[in-house]
Amino acid sequence: MWTGINDAYLIKVAPPCEDLRFANRIGLTSTGGTVYSRFLDSVKVRGWNCPIQEIRPVDYKRLRQDLRRELQQAKIAQENRGM
């Protein structure tokens, strides 16, 4: 879930939710304007109300740096194989 340009959170939900990455729309419930885990709030998708088990912040800037580094290493490895 994105809350800003570089602010992202990984949300783990309880069954029966599955294949959320393919959902066109999702909703979140909140308690007092804040989203909580441990079955207080939930993700709403396709008629299901899926309790939130865990919310973890994602270090998005670090993730992008790591991905860039991996791409550069893969490119160098590919160039070395071609020689």
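Placed above this text is the structure.
Presented here is a report on the structure given in the accompanying data block. (Residues numbered from 1 in each chain as written. Predicted model: local features only at pLDDT ≥ 70, side-chain atom pairs only at ≥ 80, totals over all residues. Heavy atoms only, no water.)

### Quick word on the overall build of the chain
Right, on to step 1. A count of helical and extended segments in the chain gives 1 helix and 4 strands.
Right, on to step 2. If you list the helices and strands of the chain from N to C, you get β-β-β-β-α.
Right, on to step 3. Scaling as 2.2 N^0.38, a compact globule of 83 residues should have a C-alpha radius of gyration of about 12 Å, whereas the chain reaches 18 Å, well beyond that.
Right, on to step 4. Along the three orthogonal principal directions, the C-alpha set of the chain runs to about 60 × 25 × 20 Å.
Right, on to step 5. Among the 83 residues that make up the chain, the fraction classed as buried is 14%.
Right, on to step 6. Within the chain, residue pairs in contact and separated by at least 24 positions form 45% of the contacts whose partners lie at least 6 positions apart.
Right, on to step 7. Accessible surface for the chain amounts to roughly 7,000 Å². Of this, 51% is attributable to carbon and sulfur atoms.
Right, on to step 8. A gap of 2 Å separates the mean positions of the 14 positive and 9 negative side-chain charges of the chain. (Helix = DSSP H or I, 4+ residues; strand = E, 2+ residues; numbered from the N terminus. Rg over C-alpha atoms; globule rule 2.2 N^0.38 Å. Buried < 20%, exposed > 50% of the residue type's maximum accessible area, 1.4 Å probe, protein only. Contact = heavy atoms within 4.5 Å. Areas by Shrake-Rupley, 256 points an atom, 1.4 Å probe, with all protein chains shown as cover. Lys, Arg positive; Asp, Glu negative; His and termini not counted. Charge placed at Lys NZ, Arg CZ, Asp CG, Glu CD.)

### As for the packing of aromatic side chains
Where two aromatic rings form a pair, the distance of their centres and the angle of their planes describe that pair.
Right, on to step 1. Scanning all chains against the criterion turns up 1 aromatic pair.
Right, on to step 2. A centroid spacing of 4.8 Å and a plane angle of 85 degrees characterise the contact between Trp2 and Tyr60, whose relative ring orientation is edge-to-face. Residue Trp2 is located in the segment before β1 (7-13), and its partner Tyr60 is located in helix α1 (residues 60-82); the two are separated by 58 residues in the primary sequence. (Phe/Tyr/Trp six-rings, centres within 6.5 Å; stacked < 30°, edge-to-face > 60°.)

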